[in-house]
Amino acid sequence: MSLVKKQSDDLWYMPAILSGMRFTFKTMLKNLFTRPDPKDKLAHRTYNYPEEKYEYSPRFKGNHILTVKKDGSLRCTACMLCATYCPASCIKIIASESDDKAVEKFPISYEINILRCVFCGFCEEACPVDAIRMGPEWQTPGLAAENFDYDIKKLAYRAQLEGGIPSRVDDVERHEAGI
Amino acid sequence: MLKCKINDKEIEVPEGTKLIEAFKLADQDIAHYCYHSALSVAGCCRLCMVDIEGNPRPQIACNTMVSEGMSATNQSDSIKETVKWGLDFHLINHPLDCPVCDQAGECELQNQYMKFGSGYDSEMAEKKVKKNKVVDLGKEVVLDSERCVLCSRCVRFTSEITRTNELGIFNRGDRSEVGTFKGKPLNNNYSVNTVDICPVGALTSKDFRFNQRVWYLKNKKSICTGCSTGCNVKAYFNEDGYFRFKPVVNQEINGYWMCDEGRKVYKSTNKENRLMGYELQYGDACSKEEAFKVAQDLISSAVTTALVVTGQQSNEEYESIISYFKETLNSEQIYHWHTTPGKEDEFDGLLMRGDKNPNTKGLQKILSEKGLGKDVSELSSVDTLVVVGPENMTHVKDLKAQLEKFIQSQNVIWLGSALVEELKEMAHVKLQMPLRTYLEKTGTFTNHAGQDQKVTVVKTVNKQALALTDWVQLMQNQEVQQDQGVKFPKVKTNFFMDDRGTV
Ligand code: SF4
Ligand code: SF4
Ligand code: SF4
Ligand code: SF4
Ligand code: FES
């Protein structure tokens, strides 16, 4: 049995298409005959990309961020739960023993192959210590020679992050509380 | 035989069986930490509680002998409740370390809590007793006292099996900690066994620590070729190579244990220590076809040929290469290179033997059957010498001296799995051909006591490499079929995806 039904002849889809077209033409005419209002960006819906960029909400799941501790070092404990959970198998972590006994295990290399990533957010969900998040940046284009294996430098300390985003889970505080 | 009833299942067990063993024989799950079949009974974890008919209170199964007509169950509500709260006691001071703990994934605290425990708060935000972390116990083992459940298995191991008594439990109550005595680190040659029997991640092996998450590794049964005992092991591996060995119970050969030296044998099978391709004189790479052409020329043009073998190959390979030399090449010059001469009878009383070749017995048997076999010290120079080098180089002390002797021959063909840097500088070494290690081939090894053990292909690290049987066939221009062992998919897939949502 085929699951694809033959399309019937009735025109039930037309009202939706027409209302969409109405919106498109309305916006087009408005953009042609009015000037952009700098105060209300949304009023004028066409952007001069790439000079003007649309800011997504902070909840948008774009490029990954590795968070940092208070002292600026990586929060990641190299538990590899994100790598285990990742459906695209695009996270590669090499763990090592830290000299600091309180840290014990940390990643000497953390790479995400951003071209394989499907931006599902499972890594963020798997992480027990809020070490990986997905941020509002979404521009990932690059030239052919660009390295699409994002490393720790890019994931945690790229210029846009201004020195690193602090993690919400703090071991030091837990230890001080005797937990 | 005694008849008994375990969770309403009628079974017969031999006299003198402990009740906990009867549960295992009846395929019934029973929570336990401190009981280990090879060690004495401690009865300290109190998890193996059962209800015995006619007995008013719960009793521990590990310290109870089965008697005729006994009926025991751990399925009653009161037992389930007892085990649940027992487990909670074990967890109450346990740190939230699973993400950095090497045991996670094969941890009995995780497994048994999921099976027998109550639900727990994943924040684990109660106050805990703080203990020492990352304690260096000795050259192989690291201790984390906070994770320890004080089952005392490790302490009993050092007092009953190795009889070295390095470990003890110090202090009392919730401040009890496992530790070593001052100036007496845990440095015996069996110390990593404590890591295996530790049900939690309190003891971890320095060699394996943080190298891999255990759920990324597959395993397959094989043997250890570290010495002529031939302990049974499980080799753990993934697509990058081998990562560790763990002993497999075989009462006739190794019991429950293996030695620390043997655990390092996997290193000789990994890429870093391997001859990966075919090499001509001075290490010039060449193709397999070219290499065989050169080898055939060297052998057919030679008036005298000789073969040197070590006790590190399988019986099948000895059979084929020795027959090839004797029958096809009509050479009777076959020499046994014993890499640890004069140490055949050394034995440390537990497992490890002085003869570091796993198959000396097998080689000697085949040589004597054919009426061949001289010691390598009798080797004189020939036109073409074929040397089958040792697989595991760590114990070969006389390598330099032997190589000097080998290159007195005009042409040397070196067959070996291990990387030997010196060979690249030697002008007389005309060819190096990579061999498979024992984890990459099927064959039989005969241990010191004459027990034959079969090994099968686990996983190939070097696809170019050959078993000696293949080499002999290719030298005679015959076709060979090679088994590659466990294969990994070319396209990367995340096999954990399929199990999502299950515990
Ligand atoms: S967003 Fe999804 S695909 Fe991308 S790295 Fe995270 S888990 Fe993997
Ligand atoms: S990012 Fe989080 S989940 Fe991934 S390895 Fe680091 S700590 Fe573990
Ligand atoms: S011992 Fe087990 S429960 Fe404890 S931290 Fe390690 S993995 Fe987790
Ligand atoms: S270190 Fe491991 S084996 Fe030793 S007492 Fe603690 S839990 Fe048991
Ligand atoms: S296994 Fe019986 S008390 Fe621990």
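For the structure, see preceding data.
None of these values were measured; they are calculated from a predicted model.

Draft legend 1. Inspection of the side chain of K356(B) at higher detail. Residue and element names in this part refer to chain B. By the secondary structure assignment, K356 is in the loop between strand 17 (334-337) and helix 8 (360-369). The exposure class assigned to K356 is buried, which follows from its relative accessible area of 11%. Sequence-distant contacts of K356, defined by excluding residues within four places in its chain, comprise T225, G226, C227, E261, Q312, T340 and H395.

Draft legend 2. Representation of the packing of aromatic side chains in the model. Residue and element names in this part refer to chain B. Per the stated rule, a full pass over the model turns up 14 aromatic pairs over all chains. Ring geometry for F237 versus Y242: centroids 5.8 Å apart, planes at 55 degrees, classification tilted. Just as F237 is buried, Y242 falls in that class too. Where Y324 meets F325, the ring centres are 5.9 Å apart and the plane angle is 85 degrees; that geometry is what we call edge-to-face. This pair shows no difference in class: Y324 is buried, exactly as F325 is.

Draft legend 3. Geometry of the interface of chain B and chain A. If you look at the interface, chain B gives 25 residues, while chain A gives 24 residues. Interface area for chain B against chain A, summed over the two sides, is near 2200 Å², with a carbon-plus-sulfur share of 52%. If you look at where chain B meets chain A, you find 3 salt bridges. In this structure, R209(B) engages E104(A) in a salt bridge whose closest nitrogen and oxygen atoms are separated by 3.2 Å. Broken down by class, the residue content of the side of chain B that touches chain A amounts to 11 nonpolar, 2 polar and 12 charged.

Draft legend 4. How the structure looks around the site of ligand 4. Around ligand 4, the structure places C148(B), V149(B), L150(B), C151(B), S152(B), R153(B), C154(B), V178(B), C198(B), V200(B), A202(B) and L203(B). Its residues assigned to classes, the shell around ligand 4 comprises 10 nonpolar, 1 polar and 1 charged.

Draft legend 5. How the structure looks around the sheet that holds strand 3 (residues 105-113) of chain A. Residue and element names in this part refer to chain A. Pairing within the open sheet is antiparallel, and its 3 strands lie in the order 2-3-5. Only two strands of the sheet have a single partner each, and these edge strands are strand 2 (91-97) and strand 5 (149-150). Strand direction decides the pairing type here: strand 3 and strand 5, joined by 2 bridges, are antiparallel. Its bridge partner being in strand 5, N113 is matched across the sheet by D149.

Draft legend 6. Expanded view of helix 7 (residues 315-328) of chain B. Residue and element names in this part refer to chain B. When the terminal C-alpha atoms of helix 7 are compared, their 19 Å separation across 14 residues agrees well with the 20 Å that a helix rising 1.5 Å per residue should span. For helix 7, the full list of buried residues reads N315, E317, Y318, S320, I321, I322, S323, Y324 and F325. Two residues or fewer past helix 7, N330 is found with a positive phi of approximately 50 degrees.

Conventions and cut-offs
- In every chain, residue numbers begin from 1 and rise along the written sequence.
- Here chains are named by letter from A upward and ligands by number from 1 upward, in the order in which they appear as written.
- Given that the model is predicted, a residue must reach a pLDDT of at least 70 before its local features are reported, and side-chain atom pairs must reach 80 or more before they are shown or counted; all residues, however, enter totals for whole chains, interfaces and linings.
- Where side-chain values are given, they derive from all heavy atoms of the structure, hydrogens and water being excluded.
- Segments assigned H or I by DSSP are reported as helices when at least four residues long, segments assigned E as strands when at least two residues long, and all are numbered from the N terminus.
- Each residue gets one of three labels from its accessible area relative to the maximum for its type: buried under 20%, exposed over 50%, partly exposed in between, using a 1.4 Å probe on protein chains only.
- Should any heavy atoms of two residues lie within 4.5 Å, those residues are counted as being in contact.
- Only the six-membered ring of Trp is used, alongside the rings of Phe and Tyr, when aromatic pairs are assigned; centres must lie within 6.5 Å, and planes under 30 degrees apart are stacked while those over 60 apart are edge-to-face, with the rest tilted.
- Buried area: the accessible surface (1.4 Å probe) lost by two parts on joining, summed over both.
- Any Lys or Arg side-chain nitrogen found within 4 Å of a carboxyl oxygen on Asp or Glu counts as a salt bridge.
- Side-chain classes are defined by residue name, with Ala, Val, Leu, Ile, Met, Phe, Trp, Tyr, Cys and Pro counting as nonpolar, Asp, Glu, Lys and Arg as charged, and the others, Gly among them, as polar.
- By convention in these notes, a residue is near a molecule or strand provided one of its non-hydrogen atoms lies within 4 Å of it.
- Here, strands pair whenever DSSP counts at least two bridges between them.
- To estimate how far a helix should extend, the number of its residues minus one is multiplied by 1.5 Å.

Function-wise, these values are silent; they only describe arrangement.
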